[in-house]
Amino acid sequence: QVQLVESGGGLVQAGGSLRLSCAASGRTFSSRAMGWFRQAPGKEREFVAAISWSGRKTSYADSVKGRFTISRDNAKNTMYLQMNSLKPEDTAVYYCAAGNIGWDSISDDVRGYNYWGQGTQVTVSS
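Residues numbered from 1 in each chain as written. Predicted model: local features only at pLDDT ≥ 70, side-chain atom pairs only at ≥ 80, totals over all residues. Heavy atoms only, no water.

Caption draft 1: Structural context of the side chain of Arg72. Inspection of the secondary structure puts Arg72 in strand β7 (residues 68-73). Within the buried core, Arg72 has no salt-bridge partner, and the shortest N-O distance to an opposite charge, that of Asp104, equals 6.9 Å. In terms of polar contacts, Arg72 uses its side chain to reach the backbone carbonyl oxygen of Ser52, at 3.0 Å. (Helix = DSSP H or I, 4+ residues; strand = E, 2+ residues; numbered from the N terminus. Buried < 20%, exposed > 50% of the residue type's maximum accessible area, 1.4 Å probe, protein only. Lys, Arg positive; Asp, Glu negative; His and termini not counted. Salt bridge = Lys/Arg side-chain N within 4 Å of Asp/Glu carboxyl O. Polar contact = N/O pair within 3.5 Å; in protein donor to acceptor, adjacent residues only side chain to side chain.)

Caption draft 2: View of the state of the cysteines. Scanning the model with the defined rule gives one disulfide in all. Here Cys22 connects covalently by a disulfide to Cys96, the sulfurs 1.8 Å from one another. On the sign convention where negative is left-handed, the bridge of Cys22 and Cys96, at about -70° about the S-S bond, is left-handed. Here the residue Cys22 occupies a position in strand β3 (residues 18-26), and Cys96 occupies one in strand β9 (residues 92-99), the gap between them amounting to 74 residues. (Disulfide = S-S within 2.5 Å.)

Caption draft 3: Layout of the pairing of strand β8 (residues 78-83). Among the six residues that make up β8, five are buried, leaving the element largely enclosed by the rest of the structure. For β3 and β8, the ladder comprises six bridges, and the chain directions are antiparallel. Across the sheet, Cys22 pairs through a bridge with Met79, a residue of β8. Bridge count for β7 against β8 is six bridges, and the pairing is antiparallel. If you follow Arg72 over to β8, its bridge partner there is Met79. In sequence, β7 turns back onto β8 through a hairpin of four residues, with Asn77 there showing a positive phi of about 55°. (Pairing = 2+ DSSP bridges.)

Caption draft 4: The arrangement of the nonpolar core in detail. Core analysis: the largest hydrophobic core is formed by 34 residues, its most contacted members being Leu4, Trp36, Leu81, Met83 and Tyr94. Every element with two or more residues in this core is listed here: β1 (2-7), β3, β4 (33-39), β5 (46-51), β7, β8, β9 and β11 (120-125). (Core = buried A, V, L, I, M, F, W, Y, C linked by side-chain atoms within 4.5 Å.)

Caption draft 5: The arrangement of the packing of aromatic side chains in detail. The full count for this structure, using the stated rule, is four aromatic pairs. Judged by centre distance (5.7 Å) and plane angle (70°), the rings of Phe37 and Phe47 are edge-to-face. One end of the pair, Phe37, is in strand β4; the other, Phe47, is in strand β5, and 10 residues separate them in sequence. Across from the ring centre of Tyr80, 4.0 Å away, lies the NZ or CZ of Arg19, which sits over that ring. (Phe/Tyr/Trp six-rings, centres within 6.5 Å; stacked < 30°, edge-to-face > 60°. Lys NZ or Arg CZ within 6 Å of the ring centre and 35° of its normal.)

Below, the structure written as structure tokens:
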């Protein structure tokens, strides 16, 4: 099993930045693919960014391309989401996810992940 704990959420003004962290513990070898999803009130959980085990493969939702950067440090069992140029529409609960899929594989779908964090609130004010 893998436990995931997000941190770094908070309130920020539009145009500002936040850095989310996701600390993994347990059987972290199972977290070959990791990703970030977000969910706003009344909306479905949506894909934000994903990264493969090696970090060589990344994927971003069109809405965050050029603004967000996903990274991971396997030595620290931690994944990050650097969020720059934040917009009010980025307001959501952000969830860290991990999945034990193929070698250096990546997924932009919730079905690719079987471990989830508790979520951290990101609120962007105008």
